[in-house]
Amino acid sequence: MAGKSPRSVAIESGIAVGLVTMLATGVALWGNGIEGQWWLPPLSGAAVGTVCFVLVYRQLGLYIQERVRIIYKTIRRLKGSTSHVNLDLRDDIVEQVNRDVMSWAESQIEEITILRETDTFRQEFIGNLAHELKTPIFNIQGFILTLLEGGMEDPEINRRFLLKAAKNVERMSGLLEDLDVITKMEAGNLDIELVPFDLLDILRETMESLEAKAKRNNIQLRLKKGIDGSKIMVKGDASKLVQVLTNLIVNSINYGKEGGHTEVRYYDADDSVLVEVADTGIGIRESDLPRVFERFYRVDKSRSRHAGGSGLGLAIVKHILESHGQTISVRSTYGEGSTFSFTLQKA
Ligand SMILES: Nc1ncnc2c1ncn2[C@@H]1O[C@H](COP(=O)(O)OP(=O)(O)OP(=O)(O)O)[C@@H](O)[C@H]1O
Ligand SMILES: [Mg+2]
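Residues numbered from 1 in each chain as written. Chains lettered and ligands numbered in written order. Predicted model: local features only at pLDDT ≥ 70, side-chain atom pairs only at ≥ 80, totals over all residues. Heavy atoms only, no water.

## Focus on the domain arrangement of the chain
Threshold: Those domain boundaries reflect an automatic or database domain assignment.
Taken domain by domain, the chain consists of domain 1 (6–91), domain 2 (117–186) and domain 3 (195–345). Each of domain 1 and domain 2 was reduced to a C-alpha centroid, and the two centroids are 79 Å apart.

Here it is, written out as C-alpha cells:
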C-alpha cells in the first residue's frame, strides 16, 4: 500500500471486484444459455464494484483513523500540544505519518542535545567556579597560618601578610560580583534602560579613570576621532557601557606590551556608531579568537592568573551589548595586537 492513498486503494479494489463480478455474471448468463440481457453483467459489475469501494473506503478510513490517531496522540501528548489531527484520506497517509514522526523525532533529538549541552555547561561552570575560588582561599589560609605561627609578632611580616590576604579577599569579592552580574544577565533580570547620552563624555571619563593604570604599565591611551562634533548622542545604559569600555581597556592594558598604546576610536556607521578599542599588545591566536567571549576562558592561564583575571570580563561585555541589541567582534594578529569593535544605536 506504500505510496498509495486510501482512496485510490478503495477505487482499485472496487474496479477489480467490479470487473470480476461482470465477468462472472457474463459467464453465468452464457453458461445458462440466457441471451438478450447484455446489460446485466456491466450493471452487476458496477453495483458490486461500488459497494466494494464504499466498504473498503469506509473500513480503511476507520482503521487508519483509529491507528494513526493513536500515534499522533502519543506525539502530541509528549509535545504538550492539543491541536487537532487532520487526516485526509485522499493523501498517502503512511507517508504523511512517516514525515510527521520523523520531524517529531528530529525535534526530540535537538531538545536532548540542548539539554545535554546545558548539563555539561552547568558542570563546567561549577567546576570553573570552584577552581577560581580555590586559589584565593588557599592563599588567605596560608597567610593567616603564617601569622598565627608567629608572623603576627613580627611587625614587618604581619602588615605585609595582612595586605596580601586583603588583596585575595578583594579578588574573591570581585569574582563574586562578576558572577552576580552574569547570572542576572543570563536569567534576563538585568534592567537595561535605553537612554540617550553623549558617547564622547563616557569615552573621556573611562579613559581618564584608567590613565594611571595605563601609565604604570607604560602604555599610552589615545582617543581617535572618527566623527566631527563635540557631542555624539547614542542610546543605551551609560553605566553598563562604562563597564564595557572599562573591561576592554583594562584588557588592552593587561595584555598590552610595555611602550605600546591603546587607541579608542569611533566611526559613523549609518544609524549606528562603531566603537573600537585597538591595542598593540600580545594579540590572540586565531584558534582562541572565537572562544574569548566564553565565561572563564583565558588564553594563557598563568599570565591571566598573574593579572588577576578570571575570564568573566568579555562574557559580561558580550552580554551587556547583546541586551542593547548590539554585537561585539574581535580581530587580532598574534604578537601584534587586537581590536575589539561594537556598535551603538544613534539617539
Ligand atoms: N586585548 C587583548 N589582547 C590579548 N588577549 C586578550 C585581550 N583581551 C582578552 N584577551 C584574552 O581573552 C581572555 C578573556 O578575557 P576576559 O576579559 O574575559 O577575562 P580576563 O581578562 O582573563 O579576566 P577578567 O576580565 O574577568 O578579570 C583573557 O584571559 C586573555 O587571554
Ligand atoms: Mg578582562
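After presenting the structure, the write-up continues.
## Digging into the sheet that holds strand β2 (residues 220–224)
Spelled out, the test is: Strands are treated as partners if at least two bridges between them are detected by DSSP. The way it works is that DSSP assigns letters per residue, a run of H or I at least four long becomes a helix, a run of E at least two long becomes a strand, and they are numbered from the N terminus. Throughout, an axis means a line fitted to C-alpha atoms (over the contacting stretch in the case of helices), and angles, computed between N-to-C directions, take values from 0 to 180 degrees. Here, two residues are considered to be in contact whenever any of their heavy atoms come within 4.5 Å of each other.
Read across the open sheet, the five strands follow the order β2-β4-β5-β7-β6; overall the sheet is mixed. Both edges of this open sheet fall to β2 and β6 (328–333), since each of them pairs with a single strand only. Ignoring which end each strand starts from, the neighbouring axes of this sheet average 15° apart. When β6 meets strand β7 (residues 337–345), the two strands line up antiparallel, connected through six bridges. The residue bridging Ser-329 from the neighbouring strand is Ser-341, located in β7. Packing against the sheet, helix α5 (residues 199–216) makes contact with β2, β4 (261–269), β5 (272–279) and β7, and its axis sits at approximately 170° to β2.

## Some details on the site of ligand 1
Here is the rule we go by: For this purpose, a residue is taken to be near a molecule or strand whenever a single non-hydrogen atom of the residue falls within 4 Å of it. Contacts described as polar in this section are N or O atom pairs within 3.5 Å, which, within protein, must combine one atom able to donate a hydrogen with one able to accept it, while residues neighboring in sequence count only if both atoms come from side chains. Computed with the Shrake-Rupley method and a 1.4 Å probe, the accessible areas treat only the protein chains shown as cover for residues. Basically, the charged four are Asp, Glu, Lys and Arg, the nonpolar ten are Ala, Val, Leu, Ile, Met, Phe, Trp, Tyr, Cys and Pro, and anything else, Gly included, counts as polar.
Of all residues adjacent to ligand 1, which total 20 residues, the nearest are Asn-251, Tyr-255, Asp-279, Gly-311 and Leu-314. Between an oxygen atom of ligand 1 and a side-chain N or O atom of Tyr-255, the distance comes to 2.8 Å. Considered on its own, ligand 1 offers 600 Å² of accessible surface; in the complex 92% of this is hidden by protein. Elements supplying a minimum of two residues to the shell around ligand 1: α6 (238–254), α8 (313–323) and β7. Tallied by class, residues from the shell around ligand 1 come to nine nonpolar, nine polar and two charged.

## A closer look at helix α1 (residues 6–31)
Condition: Here the expected length of a helix is defined as 1.5 Å per residue gap, with one fewer gap than residues. The cut-offs for exposure are 20% and 50% of the maximum accessible area for each residue type, with area from a 1.4 Å probe on protein chains only; residues under the lower value are buried, those over the upper are exposed, and the others partly exposed.
Taking 1.5 Å of rise per residue, 26 residues should cover 38 Å, and α1 covers 37 Å from first to last C-alpha, within 8% of that figure. Looking at α1, one finds that the buried residues are Pro-6, Val-9, Ala-10, Gly-14, Gly-18, Thr-21, Thr-25 and Leu-29. Once α1 ends, the next one or two residues include Gly-33, with phi positive near 70°.

## Some thoughts on the nonpolar core
Heads up, the condition is: To form a nonpolar core, buried Ala, Val, Leu, Ile, Met, Phe, Trp, Tyr and Cys residues must be joined to one another through side-chain atoms within 4.5 Å.
Within the largest apolar cluster, 47 residues are counted, with the highest numbers of intra-cluster contacts made by Leu-199, Leu-248 and Phe-342. Mapped by element, the contributors of at least two residues to this core are α4 (155–186), α5, α6, β4, β5, α8, β6 and β7. When we break this core down by domain, the ones giving at least three residues each are domain 2 (117–186) and domain 3 (195–345). The contacts of Phe-342, once residues within four sequence positions are left out, are Val-244, Leu-245, Leu-248, Val-273, Leu-274, Val-275, Leu-321, Thr-327 and Ile-328. In this structure, Val-9, Tyr-72, Leu-87 and Leu-89 belong to the second largest nonpolar core, which totals nine residues.

## Focus on α6
Since one α-helical turn is 3.6 residues long, residues separated by three or four positions face the same way. For α6, spanning 17 residues, the distance from its first C-alpha to its last is 24 Å, which sits close to the expected 24 Å at 1.5 Å a residue. Among the residues of α6, Lys-240, Leu-241, Val-244, Leu-245, Asn-247, Leu-248, Ile-249, Val-250, Asn-251, Ser-252 and Ile-253 are the ones counted as buried.

## Let's talk about the side chain of Thr-25
Along the chain, Thr-25 falls in helix α1. Residues in contact with Thr-25, not counting those within four places in the same chain, are Leu-40, Pro-41 and Ser-44.

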